[in-house]
Every structure is written in structure tokens, then in C-alpha cells.
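Commentary on secondary and tertiary structure
Given next are the chains, with one letter for each unit.
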Amino acid sequence: MGAAKEEKTSPRERTRFLPVNRQDMHGRGWEELDFLLVSGDAYVDHPSFGAAIISRCLENNGYRVGVLAQPDWRDLEVFRSMGRPRLACLITGGNLDSLVNHYTAAQKRRSNDAYSPGGVSGRRPDRATIVYSNRVREALPGVPVIIGGIEASLRRFAHYDYWSNKVRRSILLDSQADLLVYGMGERAILEIARELNSGKEISELLDLRGTAVLERASEWNGPERRDLLVLPSFEDISASKRCYADSFMEQYRQQDPFRGKTLIEPYRQDRKAVRQNPPQKPLSQSEMDDIYALPYTGTYHPQYGQEGVPALQEVEFSLVSARGCYGSCSFCALTFHQGRIVQSRSVRSIVREAKRLTANPRFKGYIHDVGGPTANFRRPACPGQLKRGACARRQCLFPSPCDRIDLDHGEYLELLRALRSLPGVKKVFVRSGIRYDAVLADKNTPFLRELCQYHVSGQLKVAPEHVSSSVLRRMGKPGPEVYAEFMREFKQVNEGLGKKQYLVPYLMSSHPGSGWQEAVELAEFVRDLGVNPEQVQDFIPTPGTLSTCMYYTGLDPRTMEKVYVPKGVREKARQRALIQYRNPANYSLVEEALRLAGRVDLIGYGRKCLIKPQNGMNSTNTKADKNGKSGKTGKNGRRRAVNVGGRHPLTGPNSSRRASSTSSKASRASSFKKTPSGSPTAKAAKSRMGSSA
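Quick caveat, the model's predicted, so the values are computed rather than measured.

**Examining the overall build of the protein chain**
- Counting secondary structure elements, the protein chain contains 27 helices and 24 strands.
- Counting across all 693 residues of the protein chain, residues that qualify as buried make up 63%.
- Expressed as a percentage of contacts within the protein chain between residues at least 6 apart in sequence, the contacts between residues at least 24 apart total 75%.
- Put simply, the protein chain shows about 27500 Å² of open surface, and 47% of that area lies on carbon and sulfur atoms.

**What about the sheet that holds strand 20 (residues 537-538)?**
- Strand order in the open sheet formed by three strands is 18-19-20, and the pairing between neighbours is parallel. The strands lining the two open edges of the sheet, one partner per strand, are strand 18 (459-465) and strand 20.
- Pairing between strand 18 and strand 19 (residues 502-509): five bridges, direction parallel. Directly across from Val 462, in strand 19, lies its bridge partner Pro 505.
- Strands strand 18 and strand 19 of the sheet are contacted by helix 22 (residues 516-529), whose axis makes an angle of about 160° with strand 19.
- Running over the sheet, helix 24 (residues 569-579) touches strand 19 and strand 20 and is turned about 165° from strand 19.

**Considerations on the packing of helix 15 (residues 347-358) against helix 17 (residues 410-420)**
- Where helix 15 meets helix 17, the closest approach of the two axes is 10 Å, and the angle between their N-to-C directions is 25°. Relative to helix 17, the element helix 15 lies roughly parallel. Helix 17 is crossed by helix 15, and the crossing has right-handed handedness. Contacts between helix 15 and helix 17 involve Val 347, Ile 350, Val 351 and Ala 354 from the former and Glu 411, Glu 414, Leu 415, Ala 418 and Leu 419 from the latter.
- In terms of residue class, the contact of helix 15 with helix 17 is made up of seven nonpolar, no polar and two charged.

**Notes on the packing of helix 24 against helix 25 (residues 587-596)**
- As a packed pair, helix 24 and helix 25 sit with axes 8 Å apart at the nearest point and diverge in direction by 100°. With respect to helix 25, the axis of helix 24 lies roughly perpendicular. Between helix 24, through Arg 570, Ala 573, Arg 574, Ala 577 and Leu 578, and helix 25, the contact on the second element is made entirely by Leu 589, Val 590, Glu 592, Ala 593, Leu 594 and Leu 596.
- Its residues assigned to classes, the contact of helix 24 with helix 25 shows eight nonpolar, no polar and three charged.

**Quick notes on the packing of aromatic side chains**
- Scanning the entire structure with this criterion turns up 20 aromatic pairs.
- Ring centres of Phe 35 and Tyr 63 lie 5.7 Å apart, and the angle between their planes is 75°; this geometry places the pair in the edge-to-face category. Of this pair, Phe 35 sits in strand 1 (residues 35-39) while Tyr 63 is found in the loop between helix 3 (50-60) and strand 2 (65-69), placing the two residues 28 residues apart along the sequence.
- Classification of Tyr 63 as buried rests on a relative accessible area of 10%.
- Counting every residue linked through ring pairs, the aromatic cluster contains Tyr 160, Tyr 162, Trp 163, Tyr 244, Phe 539, Tyr 551 and Tyr 552.
- The lysine or arginine in question, Arg 156, covers the ring of Tyr 182, its NZ or CZ lying 4.0 Å from the ring centre.
- Taking the ring centre of Tyr 454 as reference, the NZ or CZ of Arg 420 above it sits at 3.9 Å.

**Focus on the environment of Ser 318**
- Mapped onto the elements of the fold, Ser 318 is located in strand 12 (residues 318-320).
- Taking the relative accessible area as the measure of exposure, Ser 318 reaches 3% and is therefore buried.
- Note: C-alpha distance between Ser 318 and Phe 429 (111 residues apart in sequence) is 8.9 Å.
- Within the local environment of Ser 318, its side chain forms a polar contact with the backbone oxygen of Glu 314, the two atoms lying 3.3 Å apart.

**A closer look at the pairing of strand 8 (residues 211-216)**
- Both strand 7 (residues 179-181) and strand 8 contribute to a ladder of two bridges, which runs antiparallel. The partner of Val 181 across the bridge, within strand 8, is Thr 211.

**Quick notes on the side chain of Gln 385**
- Positionally, Gln 385 belongs in helix 16 (residues 385-388).
- At 3.3 Å, the side chain of Gln 385 and the backbone nitrogen of Ala 381 are in polar contact.
- Residues within four places of Gln 385 in sequence aside, it is in contact with Phe 258, Arg 340, Ile 341, Pro 380, Ala 390 and Cys 396.

**Points about the confidence of the model for the protein chain**
- Confidence in the prediction for the protein chain averages 88 pLDDT; 86% of positions are at 70 or higher.
- Taken as a whole, residues 622-647 scores under 50 in pLDDT and shows 55 contacts with residues more than four places along the chain or in a different chain.
- Every residue in residues 653-693 is under pLDDT 50, and counting partners more than four places away or in other chains gives 124 contacts.

**A short note on helix 25**
- For helix 25, the set of buried residues is Tyr 587, Leu 589, Val 590, Ala 593 and Leu 594. Summarising the axial view, the buried residues of helix 25 lie within an arc of 165°, below the 170-degree limit, and thus occupy one face.
- On the buried face of helix 25, the contacting elements are helix 22 and helix 24.
- One or two steps after helix 25, the chain reaches Gly 598, where phi turns positive at roughly 70°.

**So, unusual backbone geometry**
- Cis geometry marks the peptide bond from Phe 398 to Pro 399, where omega comes out at 5°.
- Here Pro 399 shows up in the loop between helix 16 and helix 17.
- Positive phi is not limited to glycine here, since Gln 107 has a value of about 65°.
- Residue classification places Gln 107 among the partly exposed residues on the basis of a relative accessible area of 35%.
- Of note in this structure, Glu 465 is not a glycine but carries a positive phi near 70°.
- If you trace the backbone, Glu 465 turns up in strand 18.

**Some remarks on the pattern of salt bridges**
- Evaluation of the coordinates by the stated rule reveals 42 salt bridges.
- Across the pair Arg 127 and Asp 161 runs a salt bridge whose closest N-O atoms are separated by 2.9 Å. Placement of Arg 127 in the loop between helix 5 (98-102) and helix 6 (128-139) and of Asp 161 in strand 5 (residues 159-161) is noted, with a sequence separation of 34 residues between them. We note that Arg 127, like Asp 161, is buried.
- Linked by salt bridges that have partners in common, Glu 524, Arg 527, Asp 528, Arg 599, Asp 601 and Lys 608 make up one network.

**Details of the nonpolar core**
- Core analysis: the biggest nonpolar cluster contains 70 residues, and Leu 36, Val 38, Ile 91, Ile 147 and Leu 180 have the highest contact counts within it.
- The element that contributes the greatest number of residues to this core is helix 11 (residues 241-253), accounting for six residues.
- Leu 319, Leu 415, Leu 602 and Leu 610 belong to the second-largest nonpolar core, a separate cluster that totals 65 residues.

Calculation notes
Residues numbered from 1 in each chain as written. Predicted model: local features only at pLDDT ≥ 70, side-chain atom pairs only at ≥ 80, totals over all residues. Heavy atoms only, no water. Helix = DSSP H or I, 4+ residues; strand = E, 2+ residues; numbered from the N terminus. Buried < 20%, exposed > 50% of the residue type's maximum accessible area, 1.4 Å probe, protein only. Contact = heavy atoms within 4.5 Å. Areas by Shrake-Rupley, 256 points an atom, 1.4 Å probe, with all protein chains shown as cover. Pairing = 2+ DSSP bridges. Axes fitted to C-alpha atoms, helices over the stretch in contact; angles between N-to-C directions. Parallel < 35°, antiparallel > 145°, perpendicular 65-115°, else oblique. Left-handed = near helix turned anticlockwise from the far one by under 90°. Nonpolar A, V, L, I, M, F, W, Y, C, P; charged D, E, K, R; others polar. Phe/Tyr/Trp six-rings, centres within 6.5 Å; stacked < 30°, edge-to-face > 60°. Lys NZ or Arg CZ within 6 Å of the ring centre and 35° of its normal. Polar contact = N/O pair within 3.5 Å; in protein donor to acceptor, adjacent residues only side chain to side chain. pLDDT = per-residue confidence, 0-100. Arc of directions from axis to C-beta. Salt bridge = Lys/Arg side-chain N within 4 Å of Asp/Glu carboxyl O. Core = buried A, V, L, I, M, F, W, Y, C linked by side-chain atoms within 4.5 Å.

See the structure below:
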């Protein structure tokens, strides 16, 4: 399909954006670019889009940058359309991994693409970074190629690829790129630009922080060095799943800017090795402020006309307050990309941006979000992280908050108060999601009360993800009793305010460790809570996460314990259907799952049953008695009592199990609705994970 049909726009309007064609270059008096940035996303000049940040940072430092957004990869002339850049070609697959963008957890093709004009899919290839890089090699031979963004960042080492179901080589080999920028790449790309501009060859840039390069085996195969760690070879991790898990865990522990070592991953057959230099040091608050003060237009390029770019709707009137996350959920790639050390903007910087939003004619008075990967993380977990780095073998919040952690929300409250006092601002929402265990641990500020009073409008999104203790342990999430406590606190605070507000819990199906027993436990939680989840996040094994390592190897790399892994389209569909058991379309899947789980006691007419018998099927469950017991037919044909009530921390007799939805069916049904753009778009936009080249 290639690029969208360009709309006619005024020259003045176009000059607010960086050049996208020769005409724009000539309008600025340019005959040559310094950098050509090729992106798999449509061109949106907003700081929630990585290509916008990188291009504006370079522009601010005096470099001439052109943007080639969603080029037709089948036509080499498109890549030559803006001429040969003087310094390098920068390539990103976009804000999302292109395969996550294109395919569901069931590996079905998605019907839309929120990062493309009009949401139309098909404007980028699968494995976009690899395809674009190789096409640039053909179209512009000799031009240095630098890859970055989330797709390149998470595939910098050999990795399990869910879509081909095999271990793939580092993206550096398949893309034939000269250099890979990983993580949040502003500082790295400026260092690269200075070196290239000084006359250095790209092949000389071997040891810059935040980059990975290919080396010949002879370049590292020398005396042992304390600052260098050689990982198992590609051939070894391809042959042994335990070796894969060992290698991944070492990579995971070394992703720290203060104590991380240079990592070497050999490729014996290719006689090469991937060299990952240590991560860049965290940005200072003034550096963060400078990045977000650059002259972004805050919208999509006018060439897209009325089509627009749907992903912008999520973030146009939202404010990024921080990056990085020390929550370290196993299924999240932030540790590999943004890192565990939180970096934040100043209150003054964020308020200044909010004032600019109020001047936008499209602004209706509502700031949609103030946050980052986790809204209530505004500073490093402890002061020691900025001196020694994050702990290698201890998480900040899991299994319980560290004694040294600083969970005071005072400065975040100061920010929210300043924003809601601005003229023209009617309401400031917090929609990024909060870590409820961090809220509970803060005994010094009225954060929860002010959050409920001023920044929630009926529903608050939180992410317990599951209710089974064993699954939560694999996820690196707090136990179910912590969420139960938060439900009680949330209910109590809202009752004190005279408000009827509800929690919207994000739930995940088919995560490693979730067998039939755990899947049914989650379904029973949904039943007892009285909600009807319209959308459920089905676990997708994306590169760069602990959970993906578990999925591929069947081992928890932290302990090397064996882990049950739900695999196969049918099994994953059954686990998902259990959570959405009220949907008639899921009946057969739910019935199959209950039979496989040995829980036919949940098929019947009792109040604890999930589904009723259908099509003449014999009921195994009659009306439950007042104790929650129901009749079940045993092997000898006699009926025996089965206790289906259970006593769960979240839904047991003494818990406030309906704190999140109690008043009406309408409220309960709506409490799980998400944005129309779907979970991958909304979550990626909010987590701000794409800000690298």
C-alpha cells in the first residue's frame, strides 16, 4: 500500500513539521539532509512518538532531518526520494513491534492499525525494521544504517520469536545495520551524530553507551576483562532451553547503567558477536525538561487530512510526567527498554506544557492523563539507585516493598493540584494505571483520597492481572490479599466522599503458570465480583520479558523451577473464554475448559455455576444450598456434595468482594470497557516505550 495519499496543505502549515519530501526541503533552502529517519508509523509530531523525539532532538542540535514515514517498501525509488543523507539513515519500526501491531495473541491478522492514517492496516511490512534496513542498503549503498525503537531494542540479542516459534538471531544480523540504539535513545543519538559529524566512520563507534554493534570474533576473544561478560553462543541457546534461560537472566540483570557490564553474544557460525555496551545513564530532570520543551506541533502531519492517525487520540491531551519503572512485572519489557530507574520532569515543565494544551482550539478542558509507565512513580525507588543502580537480585516491590523504598506521593500530589488549578482545565484524569501496592504503602500523604475526589470519573484502572498466588508469583505481582486490601480502602474512601466509583481491573489469561485450576480460579473471581469483562489481555510472548523466557523454556529463569505453560490456540482460547464465560459465544469453550479442569460442578443451575447445561446435556449441579454446596454425580452414580464456595482473599465471605461494582448491571458491564483502538495501542501509547530512533 505504501504511504497515504497526500492532502494539499499550505506551505506555512507544512513548515511547522520536519520535511517529508523534496519540496519541503527546498522550502527550507536545503539541498541535502544530515539524517533521513524512516519510520513504520505515520508521522505524528508528538512526544509520545519516538520518531518525533529523536528527530526534534537532532534538529535542536543543528542537524537537518527528514522524515520518511511508512514508505512503500516494494519501491526502491521511495527511499531515494529525499536524496542521500550526509551522515546516516535512522530506522525504526514504530512505537510498537510490527508483529504485535499486526497480529493478535491467536496469531490472527488485526483488521486495523492505529498508528496508520485512518487506522488502515497494511502500510508497513512484518518485521519492519529488518525490511526497511535492507531496502535502504539497496537504495542508498554506503550510507550508514542505524536502527532503534522498541522493535530493535527488544531484539538486540538472540530471542524467542513467537510468530515463527523459533529462536532468531539478533536483529543486527538480519537487518545488516551498522549500529543499534537501544532504550530511550536521545543522548545516544546525539553522541553518534557528533562523532559522525566530526568525521569518524560508523565502524569506529564501538563503545558508546546505549548501543549494540556487531564485531568480528577476534575483537573480543582475548584476555578476560572484569567489565566484559561473554554470554552463551547463539548455537548453544538454540540447542538448550536451560542455556537460553541462563543467558536471558544474565542479560536481564546487566541492564543497569551503573553496574551493568558490556555483554558479548557470540555467533560461531557467522564468526561474529553482538556487543551490547552498558545502558546510558539516567537523564537529569533538566534534560528531561529540555526534551519535552522542544517545538512539537502536538499533532499528525497535515498530509493525512481528515483521515488522521487514531493513536494520537490516546495521548493528544495527556502529559508524560516520567519514564522508567521499578515495578518489574515479568510480562513487561520496560526493564529491557526504559530501565528500572525512574526519571521525571519537573512540575514546572509539566505545568508549562499543560498551559500550551489549554490554548489548543481542540482542547475541551480535560487532561486525559498525567503519568508514564506507572502513573504514581515520579522518582527513583531509593536514592541509592542513582549511585549504585537498581539491585541485581532484589526487586523494589516484589514480593513486598523493600524497606528502603521511597513511596511518598507528596510531589505527585503537588503536580496534580497545580494542574487542576489552571484556568481552562475542568478535570485532570489519571489513566496510566497506578501501582496499588505502592499506594497502600504510602502512609504519609492523602493520595488515595485526592485521587478519588478529583482525578477519577467513575472508574479507576488498576492491574491485578490475576488472583492465583502461584500465577502472580510468576508475574512478579503482589498477592491477592494486597488487591483485596486496596479494594476495601478504595471503597471506604469513596463512601467517605459520597461517591459511587468502581475499580476496573485489568486481567490476563494464559500467562505461564496458569493451568486449568488457576484459570478457573480467575473465572470464579470474575463471577463473585459480578463483572462482565468485555476485553481480556491474552498473554503474548514478546521479546525481552521474563514471561516470554518462561513461555519458551518452561522454566522460571530466576529459580530454574519448571513452569506449566498454556500453549496452542485452543487452550489459550479456553482460558480466555473462562474469564468471559457470560458471553454466549464462548459457551463451548467454557464447557470444554471446565471438563478438562475437572470442575463440572460449575455447570448447572446453582448460584456458583458459571454456565447452565445446554442441548440436553445432563446437569451435574442442582440448586446450591445456602452453604454454597451442590450435588455432583460420582462414578458410582450417587450424588455427592462439592464445595464450590471456597474462601479466597478477594472473594471470601469476609472480604469486600463487590467493592468495585455493586450498584447496577449497567455499571458492572461497563466497568471493563477499554478504548476503541484496542489493548496493544492503548497500552503502548501510555507506557511511552517508543522514544528511541
